[in-house]
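Residue-level listing of the chains:
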Amino acid sequence: MLVGVSVNYAMCIAGRTVIGVALGVSSMIAPVYIGELAPKELRGQFITFNMVAINLAMPLGYTLVMILNIGKNCSQWAFIINSLLSMIIAALLFMLVPNSPRDLIYRGKLEEAKAVIQKLNTTKDLSANEAASQVESLKKAMQSEQALSPKFSHLFNANNRKSLAISCMLQVAKQSSGFSALQYFSVYLFKILGLTKGHASYLPIILLGLVQFLAAVASLGIIDRLGRKRLLLVSVLAMAAGLVVLGGSFVAITGFDQVNKPS
């Protein structure tokens, strides 16, 4: 909302900083929460659908901006509309979404944890005794974890060092491929190529978002057959190679001077 009503650079940066903090927290906690809430046999698909939803929202957001840009200085309304929608969704989630069983057990609310397990069970109706048994199993597992006294520094010990390095390298490879730059600046990049003009300049990024969404949906059906490691490595390499070709094409068509020219 602060970005939407901003009248100067400082207000815009302040709003964007709040968005960045909130996005960082939600990006970290959402997969953890989904993993704790989802049935064990469907946990992977639940987490994957999180990314499908994100990839669906992106082209919808760009389409909204394109429509609002028809009027003069109406693009800021996209932020205001999104903030209002977010507030409505947050209110609904506050009423509908339960705490995860692990969180409730951690806080000593065993009866509430049992009720959540019964409510979210998808395979059959759980009796009170069966739900209590699951709560007890979770409680024992959490006690075993706490007995290890995990600390942040344990991430860097010899046993975890390799896993941590692989995780960080994968994330760095994904981000350094350059896709984020293409995504954020695609409107400008396609405009300087002369491929799109005016309001149509948003079409390439909308199409890009649709491709991401379709790819995310398609991955649901092939992830178990092809394997996570293979898909991950192939997609990162393909993304990097595609962006090299795309960047080379921009330079070949316009030259470095035009690409680096302020919009």
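Residues numbered from 1 in each chain as written. Predicted model: local features only at pLDDT ≥ 70, side-chain atom pairs only at ≥ 80, totals over all residues. Heavy atoms only, no water.

A separate point is the overall build of the protein. Tallying secondary structure elements over the protein gives ten helices and zero strands in all. Secondary structure elements of the protein occur, N-terminal to C-terminal, as α-α-α-α-α-α-α-α-α-α. Relative to the globule expectation of 18 Å for 263 residues, the C-alpha radius of gyration of the protein, 23 Å, shows a markedly less compact shape. Oriented by its inertia axes, the alpha-carbon framework of the protein measures out at about 70 × 40 × 35 Å. By residue count, 21% of the 263 residues in the protein fall in the buried class. The contacts of the protein with a sequence gap of at least 6 include a subset with a gap of at least 24, amounting to 57%. With an accessible surface of roughly 18200 Å², the protein has 68% of that area assigned to carbon and sulfur atoms. Here the protein contributes 23 positively and 11 negatively charged side chains, and the mean placements of these two sets differ by 12 Å. (Helix = DSSP H or I, 4+ residues; strand = E, 2+ residues; numbered from the N terminus. Rg over C-alpha atoms; globule rule 2.2 N^0.38 Å. Buried < 20%, exposed > 50% of the residue type's maximum accessible area, 1.4 Å probe, protein only. Contact = heavy atoms within 4.5 Å. Areas by Shrake-Rupley, 256 points an atom, 1.4 Å probe, with all protein chains shown as cover. Lys, Arg positive; Asp, Glu negative; His and termini not counted. Charge placed at Lys NZ, Arg CZ, Asp CG, Glu CD.)

Summed over the entire model, instances satisfying the criterion amount to three salt bridges. When the shortest N-O distance is used, the salt bridge between Arg102 and Glu36 registers 3.9 Å. Residue Arg102 is found in helix H4 (residues 101-106), and its partner Glu36 is found in helix H1 (residues 9-37); the two are separated by 66 residues along the sequence. Ionic pairing is found between Lys114 and Glu111, a salt bridge with its closest N-O pair at 3.3 Å. Taken together, the residues span about one helical turn, with Lys114 and Glu111 both in helix H5 (residues 110-120) at a distance of three residues. In this structure Glu111 comes out as exposed when scored by relative accessible area, which is 57%. (Salt bridge = Lys/Arg side-chain N within 4 Å of Asp/Glu carboxyl O.)

Here we take up a nonpolar patch on the surface. Together, Trp77, Ile81, Leu85, Ile88, Ile89, Leu92, Leu93, Phe94, Met95, Leu96 and Val97 line one region of the surface with nonpolar side chains, adding up to about 1200 Å² of accessible area. Relative to the assigned elements, Val97 resides in the loop between helix H3 (76-96) and H4. Of the residues examined, Val97 reaches a relative accessible area of 36% and is grouped as partly exposed. (Patch = residues over 30% accessible without salt bridge, like charges linked within 9 Å, V, L, I, M, F, W, Y side chains within 5 Å.)

Running from amino to carboxyl end, helix H8 (residues 179-192) crosses helix H9 (residues 203-226) at an angle of 150°, the nearest separation of the two axes being 8 Å. Between H8 and H9, the angle is such that the two are roughly antiparallel. Contact residues: Phe179, Gln183, Ser186, Val187 and Phe190 in H8; Pro204, Ile205, Leu208 and Gln212 in H9. Taken together, the residues of the contact of H8 with H9 sort by class into six nonpolar, three polar and no charged. (Axes fitted to C-alpha atoms, helices over the stretch in contact; angles between N-to-C directions. Parallel < 35°, antiparallel > 145°, perpendicular 65-115°, else oblique. Nonpolar A, V, L, I, M, F, W, Y, C, P; charged D, E, K, R; others polar.)

This paragraph deals with the environment of Leu170. Among the structural elements, Leu170 can be located in helix H7 (residues 158-176). The class of Leu170 is partly exposed, set by a relative accessible area of 31%. The sequence separation of Leu170 and Val236 amounts to 66 residues, and the corresponding C-alpha distance is 8.6 Å.

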